[in-house]
Amino acid sequence: MGKKSKASSRPAGQASGRKRKAGFLGFQSGEIAFIEDEMAALAAEYGLQLDGDVASHVRERSSAKKSKARRRQLPQKADTVSTKASSTPTPSSASRIRLLAATETIKSTKRKKTNEDKDALGPVDEQKLVLSLLVTVLPDTCALRACAVPGCSCVNGSRSMGFPEQQDGEDKAQDTLKFAQCLKCQHGVLQHTVTLREDADVAATLPSGGQRLLVALYQLIRLARLASSVYKSRIWTKSALDRLGLLLAHLKRQFATGGTQNGQKSAGELRQEMQLLTELQTQLRKAQQAVATGARDELPILLACICDQMYFQTYYAALVLYGRASGTVPAPDVYLKELESFTPESATQLEGFLNTELLSSDLVDALALPLASSSSQDELARERLRAVEQERENPLLTIYHARLREGIRLFYEEGVGMGGEMDVVLNGSDTTTSTTARPKNSKKKPQKKHYRREKNSTSNSKGQADEGSTSTLTEMPSYPLLAQWRNNCRDWCCHLYAYATPTREALKLLTKYGPIVEIGAGTGYWSSLLQREGVDVLAFDKCPPNVEDATANAYHGHVPPFCSVARGGPEVLGNSENDMAGRSLLLCYPPPGDAMAVRSVQLFQGDVVLHVGEWQGDTGDRRFEAELQRRFVLEQQLELPNWGNSAYALTVWRRKTKEVPAVAWRAMSCFHCGKTLADAAAECEPLRRCVICKTNAYCSTSCAQQDARAHAAEHAKRLVFLDETSSVHAFENDAYYRELKELDLDDAVVAVKSDWNALTKSSEATRDGSDSDSDEELSEDEQPAKTAGFAFNFQA
Ligand SMILES: [Zn+2]
Ligand SMILES: [Zn+2]
Ligand SMILES: [Zn+2]
Ligand SMILES: [Zn+2]
């Protein structure tokens, strides 16, 4: 590519002749690439036709970037990787993964049809088609207005719209609105601003409270989200943010003048709306700053994150004020599915991604995607039905899948994060502070400070634990944009549903161990799904999240629970009246730095512990892990769908007796040869676990190298694409791998702790008891700062 191919292809393009000629005469290939990329972006922004050559160069470059990243990731297979775009992967015959096309494809085919039919449509029908699409996208109160392309004075708005004469094909058929244009000025529909309709009802345009306000906010936020991360229209994005700004300013005036102007607002309503206003204003400022300074390739992702935050805050307010059933603001799964209906290509993109990047099937299994496993139409129809049912029953998993598809669309398909961003983070320094380092060659400086500030102020939701915790692996390294996206995908889901995502398979497994008692149940999400499966489950939380309660749950605020969650902690397990010993104990994502998990295991008298969480990671603590292994043996394990920055799994533990054999513990063994933690430690060569995925552990450089491909796939799942082959050789480097600690199973410690009376009295007793035997890591785990960091600050 570069200069040479540039020169040879030059005669074909005439439209942008002047620039291209200059490029040919004096520019370096890198500069030409830069100019072409800028041209493509500008053309997209203003709905201009891009010269065919430039377009193909831009496309080639992005797919070359992708396959380069992949080739480097998978050194052994370098020769077989094709240079073709990954959206059309080489199907490896029989083993090809097929996704079960559920609702998305139905929609996409419908859309395509409309597009094919379009040739046969008259101008009036075209106008109607565009209008009907605008109605679904724009808020009720808004309409299309003046054209915002510099130099254009068209004020035609939505009066006459249509399509350019001929559109060549495939990917242009994807979305009608992207190619619809104003017939008067020939600029795109997306280049015309969105403002208020003249005939809109005043009360609806500037509502001052109640459900109407939330609906108005939601529609504007959704428009901003679609404009920025789906249509990538700067003009629509600005329009939406401007409208939102006006609405918030109106609200602020209302509150300043007493707030309850037109109504009977309760104190709770006022407080909730006031808080929402503050939060949305903060996000709006961030959005405006991003629009002004954000780099082009980052903007869709940055704004998606900001808009999602605004959405979640609005949804949370609606949930607290009007309950789950009101539907004032659509639930997250509905919101994300709706956004996806505008990007039907994302399902195919995911399928391409799975077939190109995740070659090992157990990695795919862990995602719990609905796969098309049969070739019979009847069976497929049944599978589809089951998938739809599962989506309805388990919204958290639905959200997870939507996020997976969008992550691939926004990062993988665009080649974001494939320029060595992660390597820079890892090589920059070997401390945890490197999470905020940026790639050196990046052109976008302003984001850095911005992100840091935000991180410190608002997104302390997971244990950042920067202060001196070099031995624990709480924060997974990531470049800022990816970190922001990961937090965006995960944080609110944790607060609104659960910290770990259940799958049908996991629920089926748990069903076998009923009846169950869950401690630390939070919103009761897992318990409610188990109850639906017919399992007898008692759910407890020391502070059940509740709308009525004045004190918010540290992790779930005032989110209404999914099933009845009783007040209680580990002490209920020691209560002999309710026969807790006859139940299995479920601990789902026990909070880190909290004695709850260890006390539960100590007080529990039954036979089976069901655990969902990480190991030597972000859940429980080392005392809990030691206690569990001292008293129980591993019976079963199951992978669960993990967020980009989590590494939890489901494990089943049975109380130790002579007859119970333990199974090999995958998470705590070498991923290649299966050597256990204990064996490795006995040989004085402890296992080392990758910090990037917090999942893959190895016993030696050679095992790490031999498993490199599977390991790269684990990273791809997390949208991590390492640029250097050196990473597989970096086994000894603390920036890539950290030692796993062998657990101290000294029996002397137990004697003190199994004094029940002391245990049930207060958590202080446990703390004191364990302090005597603790090492530095233990006391570190107990730092209150970390607990606070993990908890979610709903007031932020
Ligand atoms: Zn125009
Ligand atoms: Zn126009
Ligand atoms: Zn090994
Ligand atoms: Zn890894």
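Just so we're clear, the structure is a prediction, and the values are computed from it rather than from any experiment.

1. A look at the pattern of salt bridges
Part 1 of the reasoning: Under the criterion given, the structure shown has 25 salt bridges.
Part 2 of the reasoning: Residues R403 and E406 are paired through a salt bridge, measuring 3.9 Å at the closest nitrogen-oxygen approach. Of this pair, R403 and E406 both sit in helix 17 (residues 395-412), three residues apart, which is roughly one turn of the helix.
Part 3 of the reasoning: In this structure, E714 and K717 form a salt bridge, with 3.7 Å as the shortest nitrogen-oxygen distance. In this pair, E714 and K717 are both assigned in helix 27 (residues 708-717), three residues apart and thus about one turn of the helix distant. With respect to class, E714 is no different from K717; both count as buried.
Part 4 of the reasoning: Bridged by salt links that share partners, the residues R225, D308, R403, E406 and R409 form one connected network.

2. Focus: the coordination of the zinc ion (ligand 3)
Part 1 of the reasoning: Note on the zinc ion (ligand 3): its protein donors are C670 (SG), C673 (SG), C699 (SG) and C703 (SG). The metal-donor distances range over 2.3 Å.
Part 2 of the reasoning: Metal-centred angles of 106 to 117° between the four donor atoms at the zinc ion (ligand 3) mark the site as tetrahedral.
Part 3 of the reasoning: As a motif over one chain, the donors of the zinc ion (ligand 3) read C-x2-C-x25-C-x3-C. A residue pair is termed long-range when its members are at least 10 positions apart, and C670 in the loop between strand 11 (649-655) and helix 25 (677-682) and C703 in helix 26 (residues 701-706) qualify at 33 residues.
Part 4 of the reasoning: Its relative accessible area of 4% is what places C670 among the buried residues.

3. Side note on the coordination of the zinc ion (ligand 2)
Octahedral metals with six donors have ideal donor angles of 90 or 180 degrees. Tetrahedral metals with four donors have an ideal donor angle of 109.5 degrees.
Part 1 of the reasoning: Of the protein atoms, only C154 (SG), C182 (SG), C185 (SG) and H192 (NE2) coordinate the zinc ion (ligand 2), at distances of 2.2 to 2.4 Å.
Part 2 of the reasoning: Donor residues binding the zinc ion (ligand 2) come from one chain and are separated in sequence as C-x27-C-x2-C-x6-H.
Part 3 of the reasoning: Between the zinc ion (ligand 2) and the zinc ion (ligand 1), a separation of 4.0 Å is found, and both are coordinated by C185. Placement of C154 in the loop between strand 1 (142-147) and strand 2 (161-162) and of C185 in the loop between strand 3 (181-182) and strand 4 (192-196) is noted, with a sequence separation of 31 residues between them.
Part 4 of the reasoning: Relative accessible area serves as the criterion here: at 5%, C154 is assigned to the buried category.
Part 5 of the reasoning: For C185, a relative accessible area of 16% gives the class buried.

4. Examining helix 16 (residues 377-393)
Part 1 of the reasoning: Compared with an ideal rise of 1.5 Å per residue, which puts 17 residues at 24 Å, helix 16 spans 24 Å between its outermost C-alpha atoms and is within 8% of the ideal.
Part 2 of the reasoning: Turning to helix 16, its buried residues are L380, E383, A387 and Q390. Buried residues of helix 16, seen end-on, are gathered within an arc of 80° and therefore sit on one face of the element. Exposed and facing more than 90 degrees away from the buried side of helix 16 are Q377, D378, L385 and R392.
Part 3 of the reasoning: Summarising the contacts, the buried residues of helix 16 are in contact with helix 17 and helix 21 (504-511).

5. Notes on the sheet that holds strand 11
Strands in a sheet are paired, the pairing made by backbone hydrogen bonds, and the direction either parallel or antiparallel.
Part 1 of the reasoning: Taken in spatial order, the seven strands line up as 7-6-5-8-9-11-10 in an open sheet, and their pairing is mixed. Taken across any chain shown, the strands that pair with only one partner, and hence form the sheet edges, are strand 7 (565-567) and strand 10 (632-639). If you compare each strand with its neighbour and ignore which way they point, the axes differ by 25° on average.

6. Section: the confidence of the model for the protein
Part 1 of the reasoning: Scored by pLDDT, the protein has a mean of 77; 73% of the residues are at 70 or more.
Part 2 of the reasoning: Below pLDDT 50 for its whole length, residues 430-473 participates in 94 contacts with residues either more than four positions away or in separate chains.
Part 3 of the reasoning: Note on residues 747-796: pLDDT is under 50 here. Beyond four places in sequence and across chains, it has 96 contacts.

7. Side note on the packing of helix 9 (residues 210-230) against helix 12 (residues 299-322)
Part 1 of the reasoning: Packing of helix 9 against helix 12 leaves a shortest axis separation of 9 Å and a crossing angle of 165°. Taken as axis vectors, helix 9 and helix 12 run roughly antiparallel relative to one another. Both helix 9 and helix 12 take part in a crossing whose hand is left-handed. Between helix 9, through G210, Q211, L214, L217, Y218, I221, A224, R225, S228 and S229, and helix 12, the contact on the second element is made entirely by P300, L303, A304, C307, D308, M310, Y311, T314, A317, A318 and Y322.

8. Here we look at the sheet that holds strand 14 (residues 737-739)
Part 1 of the reasoning: Taken in spatial order, the three strands make up an open sheet running 13-12-14, and their pairing is antiparallel. This sheet does not close on itself; its edge strands, each paired only once, are strand 13 (697-698) and strand 14.
Part 2 of the reasoning: Here two bridges tie strand 12 (residues 688-690) to strand 13, and the two strands are oriented antiparallel to one another. Looking at strand 13, one finds that R688 is bridged to Y698.

9. Looking at the side chain of Q602
Part 1 of the reasoning: Here Q602 is to be found in helix 23 (residues 596-603).
Part 2 of the reasoning: Within polar-contact distance, the side chain of Q602 engages the side chain of E627 at 3.5 Å.

10. A closer look at the packing of aromatic side chains
Centre-to-centre distance and the angle between the planes together describe a pair of aromatic rings.
Part 1 of the reasoning: For the coordinates displayed, the defined rule picks out 25 aromatic pairs.
Part 2 of the reasoning: Judged by centre distance (6.4 Å) and plane angle (70°), the ring pair of Y231 and F342 falls under edge-to-face. Note that Y231 is positioned in the loop between helix 9 and helix 10 (234-256) and F342 in the loop between helix 13 (332-340) and helix 14 (345-357), a separation of 111 residues in sequence.
Part 3 of the reasoning: A relative accessible area of 4% means that Y231 is categorised as buried.
Part 4 of the reasoning: Put simply, the rings of Y218, Y311, F312, Y315, Y316, Y335 and W492 touch in pairs and so form one group of aromatic residues.
Part 5 of the reasoning: Geometry around F562 places R324 over its ring, the cationic atom sitting 3.8 Å from the centre.
Part 6 of the reasoning: Residue placement shows R666 over the ring face of F671; its charged tip is 4.4 Å from the ring centre.

11. Points about unusual backbone geometry
Part 1 of the reasoning: In this model, G514 is joined to P515 through a cis peptide bond whose omega is -5°.
Part 2 of the reasoning: In this structure, P515 sits in the loop between helix 21 and strand 5 (516-519).
Part 3 of the reasoning: Phi is positive for A368, which is not a glycine, with a value near 55°.
Part 4 of the reasoning: Although it is not a glycine, Y589 adopts a positive phi angle of roughly 55°.
Part 5 of the reasoning: Taking the relative accessible area as the measure of exposure, Y589 reaches 4% and is therefore buried.

12. Observations regarding the nonpolar core
Part 1 of the reasoning: One finds L217, W236 and F411 to be the most contacted residues of the largest nonpolar core, which totals 179 residues.
Part 2 of the reasoning: With 17 residues, helix 12 is the largest single contributor of residues to this core.
Part 3 of the reasoning: Residues in contact with F411, not counting those within four places in the same chain, are I301, V416, Y479, L481, L482, W485 and L719.
Part 4 of the reasoning: Core analysis: the next-biggest nonpolar cluster, separate from the first, contains six residues, V149, C152, C154 and C185 among them.

13. Let's talk about the environment of L380
Part 1 of the reasoning: As for its position among the elements, L380 is in helix 16.
Part 2 of the reasoning: Taking relative accessible area as the criterion, L380 reaches 8% and is therefore assigned buried.
Part 3 of the reasoning: L380 sits 280 residues away from L100 along the chain, and the two C-alpha atoms are 7.9 Å apart.
Part 4 of the reasoning: If near-sequence neighbours (up to four positions away) are discounted, L380 is found in contact with L100, A372 and S374.

14. A word on the packing of helix 12 against helix 17
Working note: a packed helix pair is described by the angle between its axes plus the distance between those axes.
Part 1 of the reasoning: Axis separation between helix 12 and helix 17 bottoms out at 10 Å; the angle between their running directions is 150°. By the angle class used here, helix 12 and helix 17 are roughly antiparallel. Every residue of helix 17 that contacts helix 12 at P300, I301, A304, D308 and F312 is listed here: R403, L410 and F411.

15. Describing the state of the cysteines
Part 1 of the reasoning: Scanning the model with the defined rule gives zero disulfides in all.
Part 2 of the reasoning: With no disulfide of its own, C493 has C494 as its nearest cysteine by sulfur position, at a separation of 7.0 Å.

16. Some details on the environment of E351
Part 1 of the reasoning: Checked against the element boundaries, E351 lands in helix 14.
Part 2 of the reasoning: Classification of E351 by relative accessible area gives buried; the value is 17%.
Part 3 of the reasoning: Spatially, the C-alpha atom of E351 lies 6.3 Å from that of L99, the residues being 252 residues apart in sequence.
Part 4 of the reasoning: With near-sequence residues (within four places) excluded, E351 lies in contact with R96, I97, R98 and L99.

Rules and cut-offs
Residues numbered from 1 in each chain as written. Chains lettered and ligands numbered in written order. Predicted model: local features only at pLDDT ≥ 70, side-chain atom pairs only at ≥ 80, totals over all residues. Heavy atoms only, no water. Salt bridge = Lys/Arg side-chain N within 4 Å of Asp/Glu carboxyl O. Helix = DSSP H or I, 4+ residues; strand = E, 2+ residues; numbered from the N terminus. Buried < 20%, exposed > 50% of the residue type's maximum accessible area, 1.4 Å probe, protein only. Donors = N, O, S within 2.8 Å, 3.2 Å for Na, K, Ca; no water. Tetrahedral: all angles 85-135°; square planar, octahedral: opposite > 155°, others 65-115°. Expected span 1.5 Å × (residues − 1). Arc of directions from axis to C-beta. Contact = heavy atoms within 4.5 Å. Pairing = 2+ DSSP bridges. Axes fitted to C-alpha atoms, helices over the stretch in contact; angles between N-to-C directions. pLDDT = per-residue confidence, 0-100. Parallel < 35°, antiparallel > 145°, perpendicular 65-115°, else oblique. Left-handed = near helix turned anticlockwise from the far one by under 90°. Polar contact = N/O pair within 3.5 Å; in protein donor to acceptor, adjacent residues only side chain to side chain. Phe/Tyr/Trp six-rings, centres within 6.5 Å; stacked < 30°, edge-to-face > 60°. Lys NZ or Arg CZ within 6 Å of the ring centre and 35° of its normal. Core = buried A, V, L, I, M, F, W, Y, C linked by side-chain atoms within 4.5 Å. Disulfide = S-S within 2.5 Å.

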